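Residue-level listing of the chains:
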Amino acid sequence: MAGGTATMASKPPFTRDQIVSASDVVRNWRSRVEPKLREFPYILVFSGSDPRTTILPYDQFEALWQKAEKAAELELELEVLARVLQAAVSGEQLIPLADVMKEFGITPDELVGDVEMDDE
């Protein structure tokens, strides 16, 4: 981490205290894992000298999942924006969504929740 911020390519930092052996997870959950989950945001499960799994509290997993879903949505929006801008710069004609739906037999009901549709 440079300057206190992580880059997308960096791995999450952890300390030796966050490491739990795979056998401790199975045999000693309450005494070895739960105390560490109260102290650290996540713990790592090692098998031998290799990290195998990360354990984090469920509420943090939900928050991470929501961020990942939002990031995927933003990535798609950026892709669409890039294509619209490229078409505007190059003078290409965009294909209306209604035409694509008609060509591939997609109904508006199939897009509910995925796409915001205008009443056109």
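Note that the structure is a prediction, hence the values are computed from the model and not measured.

K.L.:
Account for the side chain of Q18, naming residues and giving values.
P.N.:
Inspection of the secondary structure assignment puts Q18 in the segment before strand 1 (19-21). Polar contacts involving the side chain of Q18 include one to the main-chain carbonyl oxygen of Y42, which spans 2.8 Å. Beyond its immediate stretch of four places on either side in the chain, Q18 contacts P13, F40, P41, Y42, I43 and L44.

K.L.:
Tell me about the pairing of strand 2 (residues 43-47), and name the residues and values.
P.N.:
Burial analysis of strand 2 places four of its five residues in the buried class, which makes it a mostly covered element. Across five bridges, strand 2 lies against strand 3 (residues 50-55) in antiparallel orientation. Its bridge partner being in strand 3, F46 is matched across the sheet by P51. Here strand 2 folds back onto strand 3 in antiparallel fashion, the turn holding two residues, of which G48 has a positive phi close to 70°.

K.L.:
Which residues make up the side chain of D24, and what values go with them?
P.N.:
In this structure, D24 sits in helix 1 (residues 22-27). Filtering out sequence-adjacent residues up to four positions away, D24 remains in contact with W29, R32 and V33.

Rules used throughout
- Residues numbered from 1 in each chain as written.
- Predicted model: local features only at pLDDT ≥ 70, side-chain atom pairs only at ≥ 80, totals over all residues.
- Heavy atoms only, no water.
- Helix = DSSP H or I, 4+ residues; strand = E, 2+ residues; numbered from the N terminus.
- Polar contact = N/O pair within 3.5 Å; in protein donor to acceptor, adjacent residues only side chain to side chain.
- Contact = heavy atoms within 4.5 Å.
- Buried < 20%, exposed > 50% of the residue type's maximum accessible area, 1.4 Å probe, protein only.
- Pairing = 2+ DSSP bridges.

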